[in-house]
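# Secondary and tertiary structure notes
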Amino acid sequence: MAFDRKASQHGGKAMKQYLRDSNGRLIGWREEGASGRINGRDAAGRLVGWFDPARNETRDANGRLIGRGDLLATKFGDNC
């Protein structure tokens, strides 16, 4: 699993980080929302979860608590 930081930039800060498997296939990406929340999306663009830095919580797409800290990568399963 690797994050590709060659992403869209805003003020020198990467707004999107692409997640790729060991073969270079796109698994999904992380993107920063307007509220500062980091959203995780699969390769089809579906929301798989989000990390809220202010609360230090990761939640799944249905809003259920996954755990404390940034655990978004765990939502991409065995593809990583």
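It should be noted that the structure appears before, not after, this text.
Below or above, wherever it landed, is the structure these notes cover. Since the structure is predicted, the reported quantities are computational estimates derived from the model, not experimental observations.

Each value, and the rule that gives it
Residues numbered from 1 in each chain as written. Predicted model: local features only at pLDDT ≥ 70, side-chain atom pairs only at ≥ 80, totals over all residues. Heavy atoms only, no water. Phe/Tyr/Trp six-rings, centres within 6.5 Å; stacked < 30°, edge-to-face > 60°. Lys NZ or Arg CZ within 6 Å of the ring centre and 35° of its normal. Pairing = 2+ DSSP bridges. Helix = DSSP H or I, 4+ residues; strand = E, 2+ residues; numbered from the N terminus. Buried < 20%, exposed > 50% of the residue type's maximum accessible area, 1.4 Å probe, protein only. Salt bridge = Lys/Arg side-chain N within 4 Å of Asp/Glu carboxyl O. Contact = heavy atoms within 4.5 Å.

### Some words on the packing of aromatic side chains
A full pass over the atoms with the stated rule returns 1 aromatic pair. One Lys or Arg, Lys16, reaches over the ring of Trp29 and ends 4.9 Å from the middle of that ring. Above the plane of the ring of Trp50 lies Arg37, whose end atom (NZ or CZ) is 4.1 Å from the centre.

### A short note on the pairing of strand β9 (residues 65-68)
Sheet topology places strand β8 (residues 57-60) next to β9; 3 bridges connect them, and they run antiparallel. Across the sheet, Glu57 pairs through a bridge with Arg68, a residue of β9. Between the end of β8 and the start of β9, which pair antiparallel, lie 4 residues, with Gly63 showing a positive phi angle near 90°.

### Some words on unusual backbone geometry
We note that Asn56 has phi near 55°; this positive angle belongs to a residue other than glycine. When its relative accessible area of 38% is taken as the criterion, Asn56 is described as partly exposed.

### With respect to the pattern of salt bridges
Here the structure, examined in full by the defined rule, presents 8 salt bridges. Measuring nitrogen to oxygen at the nearest pair gives 2.5 Å for the salt bridge that ties Glu31 to Arg41. Of this pair, Glu31 sits in strand β5 (residues 26-32) while Arg41 sits in strand β6 (residues 38-42); the two residues are 10 residues apart in sequence, bridging distant segments of the chain. Take Arg41: its relative accessible area is 22%, and that puts it in the partly exposed class. Note that Glu57 is salt-bridged to Arg68, the shortest N-O span being 2.5 Å.

### A word on the environment of Gly28
Looking at the element boundaries, Gly28 is found in strand β5. Judged by its relative accessible area of 0%, Gly28 falls in the buried class. Apart from residues lying up to four places away in sequence, Gly28 is in contact with Gln17, Tyr18, Leu19, Arg41, Asp42, Ala43 and Phe76.

### With respect to the pairing of β5
In terms of residue burial, β5 counts as a mostly covered element, since 5 of its 7 residues are buried. Bridge analysis of strand β4 (residues 16-20) against β5 gives 5 bridges, and the strand direction is antiparallel. Across the sheet, residue Arg20 finds its bridge partner in β5, namely Leu26. Here β4 folds back onto β5, and the loop between the two strands holds 5 residues, one of which, Gly24, carries a positive phi near 85°. Here β5 folds back onto β6, and the loop between the two strands holds 5 residues, one of which, Gly36, carries a positive phi near 95°.

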